[in-house]
Amino acid sequence: MGKFQVISHPLIQHKLSILRRKNTSTKDFRELVNEIAMLMGYEVLRDLPLEDVEIETPITTTVQKQLAGKKLAIVPILRAGIGMVDGLLSLVPAAKVGHIGMYRNEETLQPVEYLVKLPEDIDHRHIFVVDPMLATGGSAVMAIETLKKRGASNIKFVALVAAPEGVKVLQEAHPDIDIYTAALDERLDEKGYIVPGLGDAGDRLFGTK
Ligand code: PRP
Ligand code: URA
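Thresholds, definitions, all that
Residues numbered from 1 in each chain as written. Chains lettered and ligands numbered in written order. Predicted model: local features only at pLDDT ≥ 70, side-chain atom pairs only at ≥ 80, totals over all residues. Heavy atoms only, no water. Near = heavy atom within 4 Å. Polar contact = N/O pair within 3.5 Å; in protein donor to acceptor, adjacent residues only side chain to side chain. Areas by Shrake-Rupley, 256 points an atom, 1.4 Å probe, with all protein chains shown as cover. Nonpolar A, V, L, I, M, F, W, Y, C, P; charged D, E, K, R; others polar. Salt bridge = Lys/Arg side-chain N within 4 Å of Asp/Glu carboxyl O. Helix = DSSP H or I, 4+ residues; strand = E, 2+ residues; numbered from the N terminus. Phe/Tyr/Trp six-rings, centres within 6.5 Å; stacked < 30°, edge-to-face > 60°. Lys NZ or Arg CZ within 6 Å of the ring centre and 35° of its normal. Buried < 20%, exposed > 50% of the residue type's maximum accessible area, 1.4 Å probe, protein only. Contact = heavy atoms within 4.5 Å.

This part covers the site of ligand 2. Every residue near ligand 2 is listed here: Arg104, Met133, Ala135, Gly192, Tyr193, Ile194, Gly199, Asp200 and Ala201. Between a nitrogen atom of ligand 2 and a main-chain N or O atom of glycine 199, the distance comes to 2.8 Å. At 2.8 Å, a backbone N or O of alanine 201 approaches an oxygen atom of ligand 2. Protein contacts shield 89% of the accessible area of ligand 2, which totals 240 Å² for the unbound molecule. Class assignment for the residues of the shell around ligand 2 results in five nonpolar, two polar and two charged.

Written out as structure tokens, the structure is:
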């Protein structure tokens, strides 16, 4: 079974509480999603491999560490996942970005895929799928299926808020992937919204409602 980790740094908890407030503006919401994604990035990227490199300091020659050039891809689930991309790119600016477009059918809560645009060598990349909300888990499961069908195998999923129901569904469907979230909330309501949650992440991020 992959790792399940709640990244509960005090700065993340503080920013997440502001994000959850219903009166937080679209501008602040957008900035906070990016900031939290960046802070989570320190933990999510912890396993990046290092290699030795010989360097010269002003004093001497020494062998130190550098990133081993692992190929990375950040894959946001549209729309709301887009909000997390810049925060992670600020840590790994050379990462490629793929997009998977998906929305939930409001009646059935089943995800509907409408766009897949990925780096050509996605099967050789270490992939970080990002979406602020892991609710029923349907969107995450389908996005990861889409990636696996294209040969991807090294996948981590990063959410800001997760429901226990969604974590279970995702772990059962894809036991090999690591899941990171900034908060594990109580439950889903009858409309599939996370409680207490933060509402509709896409609408709040883009100001569409
Ligand atoms: C939201 C969210 C996730 C999905 C999570 O997207 O960004 O992708 O719901 O729900 P699930 O775990 O039950 O699948 P939404 O369908 O609202 O689309 P949008 O981002 O385009 O608004
Ligand atoms: N999608 C959202 O944007 N919010 C939820 O609470 C559940 C799914």
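Picking up after the structure, the text goes on.
Right, let's talk about the pattern of salt bridges for a bit. Two side chains that carry opposite charge are able to pair once their charged atoms sit near each other. Enumeration over the complete set of coordinates arrives at 15 salt bridges. Across the salt bridge formed by lysine 148 and aspartate 176, the nearest N and O atoms sit 2.8 Å from each other. Residue lysine 148 is found in helix 4 (residues 138-149), and its partner aspartate 176 is found in the loop between helix 5 (164-173) and strand 11 (178-184); the two are separated by 28 residues along the sequence. Each of Lys3, Asp47, Lys156 and Asp178 takes part in one network of salt bridges that share partners.

With that settled, the discussion passes to the packing of aromatic side chains. For the structure shown, the criterion picks out one aromatic pair. It is arginine 104 that lies over the ring of tyrosine 193; its NZ or CZ is 5.8 Å from the centre.

Moving on, we come to the site of ligand 1. In the vicinity of ligand 1 there are 17 residues, among which Arg79, Arg104, Asp131, Thr136 and Ser139 approach most closely. With respect to ligand 1, the side chain of arginine 104 contributes an N or O atom lying 2.7 Å from an oxygen atom. In this structure, threonine 136 approaches ligand 1 through a side-chain N or O atom, which is 2.6 Å from an oxygen atom. Every element with two or more residues in the shell around ligand 1 is listed here: strand 4 (72-78), strand 6 (99-104), strand 9 (133-134) and helix 4. Among the elements that take part in the shell around ligand 1, strand 6 stands out by supplying three residues, more than any other. In terms of residue class, the shell around ligand 1 is made up of eight nonpolar, five polar and four charged.

Turning our eyes to something else, we now look at helix 3 (residues 82-89). Restricting attention to buried positions, one finds in helix 3 the residues Gly83, Met84, Val85, Gly87 and Leu88. Those residues of helix 3 hidden inside the fold are in contact with helix 2 (26-44), strand 4, strand 5 (96-97), strand 8 (126-130), strand 10 (155-162) and helix 6 (201-206).

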